[in-house]
Amino acid sequence: MKLHPVLTIAGSDSSGGAGIQADLKTMTMLGCFGMSVITALTAQNTVGVMGIHPVPAEFVRAQLTAVCEDIRPDAVKIGMVYDVPQIETIAKTLRELELSPVVVDPVMVSTSGDPLLREKAQTALEMDLFPLAALVTPNLPEAQVLLDRTITSHTEMESAAKTLAARYQTAVLLKGGHSAGDCNDLLVMPSGACTWFPGKKLDTHNTHGTGCTLSSAIASCLAKGESLEKSVEHAKTYVTNAIGAGLVLGKGCGPIAHNYRIIDTTSEEV
């Protein structure tokens, strides 16, 4: 049996809906072998983040080298990175190991609104990790922070994504899930070529971990040899179906059903 190994570098979500837990579930469901480098432990649930315990940069490096010296990943997803030393260490190690493709999800704030990136680390994220990425996947609030401007229309999404793609010389998937009317996502290549991926808003507030899941799904599809466009298309379909399965857990913004393909949602209310 051959499974494509995919590595996630991200924080742990103790409630299981986001972070490395969501990443590993996604990679498994898409037929890959998930591996992880943990950047932080979080005490969190569907209501909020109660605490963050970052992993020292030297131990992040130890995890990364230990994994890759034995099982070289066919793709890498980077999610929550907490501080400058971590970011610099990850970037240096990725360059040394010549790992690719890399998908960077610039996790800055949790779904519940709690900050997940230490102040002053944003610049390091942009300068050290974005240049290593085959794809960066900001949502609208993250893109607004990166560009210091509001984005409220499809025209403004196009302008923003093209600016980010040109600035960092990488492909950018600007996610439209926070927009008012739809969930259309926009992929812009470094050349400026645009591809829209339409989506309808689903009537649910249970979307915890969707960004983590989408980026992990894209990395999984890339690991299996799919093109970037097909990887985004298939990943978006997977996330949409996982949301649409209607999982209800927790008192706040609940998780999505990563395992919707193997459960009978009609047999038991969850």
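Scroll up a little and you will see the structure.
To keep things clear, this report deals only with the structure shown in the data block. (Residues numbered from 1 in each chain as written. Predicted model: local features only at pLDDT ≥ 70, side-chain atom pairs only at ≥ 80, totals over all residues. Heavy atoms only, no water.)

### Side note on a nonpolar patch on the surface
Right, so step 1: A cluster of nonpolar side chains, contributed by Met1, Leu3, Phe33 and Ile71, occupies part of the molecular surface with about 460 Å² of accessible area.
Right, so step 2: For isoleucine 71, the position within the fold is in the loop between α2 (57–70) and β4 (75–78). (Patch = residues over 30% accessible without salt bridge, like charges linked within 9 Å, V, L, I, M, F, W, Y side chains within 5 Å. Areas by Shrake-Rupley, 256 points an atom, 1.4 Å probe, with all protein chains shown as cover. Salt bridge = Lys/Arg side-chain N within 4 Å of Asp/Glu carboxyl O. Helix = DSSP H or I, 4+ residues; strand = E, 2+ residues; numbered from the N terminus.)

### Let's talk about the environment of threonine 93
Right, so step 1: Of note, threonine 93 is situated in helix α3 (residues 84–97).
Right, so step 2: What makes threonine 93 buried here is its relative accessible area of 1%.
Right, so step 3: Considered as a pair, threonine 93 and alanine 161 are 68 residues apart in the sequence and their alpha carbons are 28 Å apart.
Right, so step 4: Discounting chain neighbours no more than four positions away, the residues touching threonine 93 are Arg61, Leu64 and Thr65. (Buried < 20%, exposed > 50% of the residue type's maximum accessible area, 1.4 Å probe, protein only. Contact = heavy atoms within 4.5 Å.)

### Side note on the side chain of aspartate 13
Right, so step 1: By the secondary structure assignment, aspartate 13 is in strand β1 (residues 4–13).
Right, so step 2: At 7.8 Å, lysine 25 is the nearest oppositely charged side chain to aspartate 13, a buried residue that forms no salt bridge.
Right, so step 3: Polar side-chain contacts of aspartate 13 include one of 2.8 Å to the side chain of histidine 208. (Lys, Arg positive; Asp, Glu negative; His and termini not counted. Polar contact = N/O pair within 3.5 Å; in protein donor to acceptor, adjacent residues only side chain to side chain.)

### Let's talk about unusual backbone geometry
Right, so step 1: The residue after serine 100, namely proline 101, is reached through a cis peptide bond having omega -10°.
Right, so step 2: Position of proline 101 among the secondary structure elements: in the loop between α3 and β5 (102–104).
Right, so step 3: A positive phi angle is found at glutamate 98, which is not glycine, with a value near 55°.
Right, so step 4: Relative to the assigned elements, glutamate 98 resides in the loop between α3 and β5.
Right, so step 5: One non-glycine residue, aspartate 148, lies in positive phi territory at about 55°.
Right, so step 6: Inspection of the secondary structure assignment puts aspartate 148 in the loop between α5 (140–147) and α6 (154–168).

### A closer look at the nonpolar core
Right, so step 1: Grouped together as the largest cluster of nonpolar side chains are 43 residues, with contacts concentrated most on Leu7, Ile9 and Ile78.
Right, so step 2: If near-sequence neighbours (up to four positions away) are discounted, isoleucine 78 is found in contact with Ile9, Ile90, Leu94, Val102, Val103, Val104, Asp105 and Leu129.
Right, so step 3: Judged by nonpolar contacts, the second largest core, of 29 residues, contains Met27, Leu173, Leu228 and Ala257. (Core = buried A, V, L, I, M, F, W, Y, C linked by side-chain atoms within 4.5 Å.)

### A word on helix α7 (residues 210–223)
Right, so step 1: Between its first and last C-alpha, α7 extends 20 Å over 14 residues, near the 20 Å set by a 1.5 Å rise per residue.
Right, so step 2: In terms of burial, α7 is largely enclosed, as 13 of its 14 residues are buried.
Right, so step 3: Taken from the residues just after α7, glycine 225 is the one with a positive phi, measuring 95°. (Expected span 1.5 Å × (residues − 1).)

### A closer look at the pattern of salt bridges
Right, so step 1: Throughout the structure, instances matching the rule amount to six salt bridges.
Right, so step 2: Put simply, lysine 175 and aspartate 105 hold a salt bridge, and the shortest N to O gap is 3.4 Å. In this pair, lysine 175 sits in the loop between β7 (171–174) and β8 (185–188) while aspartate 105 sits in the loop between β5 and α4 (121–129), placing the two residues 70 residues apart along the sequence.
Right, so step 3: You can call aspartate 105 buried: its relative accessible area is 3%.

### What about the pairing of β8?
Right, so step 1: Across the two faces of β8 the burial is the same, with Asp185 and Leu187 and Leu186 and Val188 all buried.
Right, so step 2: When β7 meets β8, the two strands line up antiparallel, connected through three bridges. By the bridge assignment for β8, leucine 173 is matched with leucine 187.
Right, so step 3: Where β8 meets strand β9 (residues 194–197), four bridges bridge the pair, whose relative direction is antiparallel. Note that in β9 the partner of valine 188 across the bridge is cysteine 194.
Right, so step 4: The hairpin formed by β8 and β9 contains five residues between the paired strands, and glycine 192 there has a positive phi angle of roughly 100°. (Pairing = 2+ DSSP bridges.)

### A word on the sheet that holds strand β2 (residues 32–44)
Right, so step 1: Across the sheet, nine strands lie side by side as β3-β2-β1-β4-β5-β6-β7-β8-β9; this open sheet has mixed pairing. Of all strands in the sheet, those with a lone pairing partner are β3 (49–54) and β9, marking the two edges.
Right, so step 2: Judged from the five bridges that link them, β2 and β3 form a sheet pairing that is antiparallel. From the neighbouring strand, alanine 40 faces β3, where its bridge partner is proline 54.

### Notes on the pairing of β1
Right, so step 1: In terms of burial, β1 is a largely internal element, nine of the ten residues being buried.
Right, so step 2: In the sheet, β1 pairs with β2 via nine bridges, with the strands oriented parallel. Opposite histidine 4, over in β2, you have cysteine 32 as the bridge partner.
Right, so step 3: A crossover connection joins β1 to the parallel β2 through helix α1 (residues 19–29); in handedness this β-α-β unit is right-handed.
Right, so step 4: One ladder, built from four bridges, connects β1 with β4; its direction is parallel. For leucine 7, the partnering residue across the bridge sits in β4 and is valine 76. (Right-handed = clockwise from strand over helix to strand, strands pointing away.)

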